[in-house]
Amino acid sequence: MDSQVSFETIKGKKIFQILTEPDSSEKKIVIMSHGFRGSSIGPARTFVDFERLLVQNGFSTLRFDQPCGGNSEGDYVDSSFNEWVQTTTYFAEKYLDLGYKVILLGQSMGATTTMIVAAKEEVKDKIPCILLWVPDPKSTYTNEGNEIGEEGGQKYSESFWQEAKDANFFTCINDYEGGIHLVYGEHDKYISEELRKQVIEEVKKKNQPYLVLPGQDHSSWDFDLAQKVYQEELDFIKNNIKN
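Residues numbered from 1 in each chain as written. Predicted model: local features only at pLDDT ≥ 70, side-chain atom pairs only at ≥ 80, totals over all residues. Heavy atoms only, no water.

(A) Fine view of the layout of surface pockets. Approximately 390 Å³ is the volume attributed to the largest pocket. For the lining of the largest pocket, the residue count by class is 6 nonpolar, 9 polar and 4 charged. (1 Å grid on protein atoms, 1.4 Å probe; cavity = no way out; pocket = protein on both sides within 12 Å on 5 of 7 lines; lining within 4 Å. Points joined across faces, edges and corners; volume = space filled by probe spheres on them. Nonpolar A, V, L, I, M, F, W, Y, C, P; charged D, E, K, R; others polar.)

(B) Geometry of the sheet that holds strand S3 (residues 28-33). Strand order in the open sheet formed by 8 strands is S1-S2-S4-S3-S5-S6-S9-S10, and the pairing between neighbours is mixed. At either end of the open sheet lies a strand with only one pairing partner, and these are strand S1 (2-10) and strand S10 (210-213). Across the sheet, the mean angle from the axis of one strand to that of its neighbour is 15°, orientation sign disregarded. Relative to S10, strand S9 (residues 179-185) is paired through 4 bridges, and the arrangement is parallel. Along S10, the bridge assignment pairs Val 183 with Leu 211. Helix-sheet contacts for helix H1 (residues 46-56) involve strand S2 (13-21), S3, strand S4 (60-64), strand S5 (101-107) and strand S6 (129-133), and the interaxial angle to S3 is about 175°. Where helix H3 (residues 109-118) meets the sheet, it contacts S3, S5, S6 and S9, and its direction lies at approximately 145° from that of S5. (Pairing = 2+ DSSP bridges. Helix = DSSP H or I, 4+ residues; strand = E, 2+ residues; numbered from the N terminus. Axes fitted to C-alpha atoms, helices over the stretch in contact; angles between N-to-C directions. Contact = heavy atoms within 4.5 Å.)

(C) Highlighting the nonpolar core. Val 102, Met 115 and Trp 133 are the most contacted members of the largest nonpolar core, which has 73 residues in total. Sorting elements by how many residues they give to this core places helix H7 (residues 223-242) first, with 8 residues. Beyond its immediate chain neighbours, meaning those up to four positions away, Val 102 contacts Ile 29, Ile 31, Ala 92, Tyr 95, Leu 96, Lys 126, Ile 127 and Pro 128. (Core = buried A, V, L, I, M, F, W, Y, C linked by side-chain atoms within 4.5 Å. Buried < 20%, exposed > 50% of the residue type's maximum accessible area, 1.4 Å probe, protein only.)

(D) Here's a closer look at the pattern of salt bridges. Summed over the entire model, instances satisfying the criterion amount to 11 salt bridges. A salt bridge links Glu 121 to Lys 124, with the nearest nitrogen and oxygen atoms 3.3 Å apart. Close ionic contact of Lys 204 with Glu 201 constitutes a salt bridge, the shortest N to O distance being 3.3 Å. Here the residue Lys 204 and the residue Glu 201 both occupy positions in helix H6 (residues 193-205), the gap between them amounting to 3 residues, near one helical turn. Given a relative accessible area of 37%, Lys 204 falls into the partly exposed group. (Salt bridge = Lys/Arg side-chain N within 4 Å of Asp/Glu carboxyl O.)

The following block contains the structure:
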């Protein structure tokens, strides 16, 4: 296993990234998109843990910090959902052009980003499957007149949520024809039960699998449950890249 840590300039910003390859590359990669206020390690280091299993099974991984977050260039208050989509699309296209089979994984708003990217015309027929951890469609978002919000010690622009809403998560689910594996926690404190059920119903209509983790919140799932998610999703990826 070999990991390369670097920065890549995308649309004028230096983006932090970690590319990890197995000892013998099989040209298949999982690109991981973190959530709001998150970073390239994922909540409770889930991206790092899942990466180890993936690499053991011949997959490369790319973890990165979205613009204005983590180790990447920019101030968090300037974070833009549209820029998240552009950055993730850039990486997807880069590795497709390098001859990799590309799978996208996202957590929370990173999962929302993943869904939007997977349905984009330039890549949607080239991504065999995606993994969605607790996506928030933001379809019910309403701006209460504030320009700047604060959460967890970070200030952010309310336009981030409006951009996510305008991206039309549910339209993208319908447009994407590849495999989808969806995971929610039973007691997600950020996404309403009604909205979670709506996402699950759309995934079920496409005959795609989903998990609702008993007793779990939005993130930082119990360790043993997380291991089950990793294994099920590894099997899911393997089945989908065969087709």
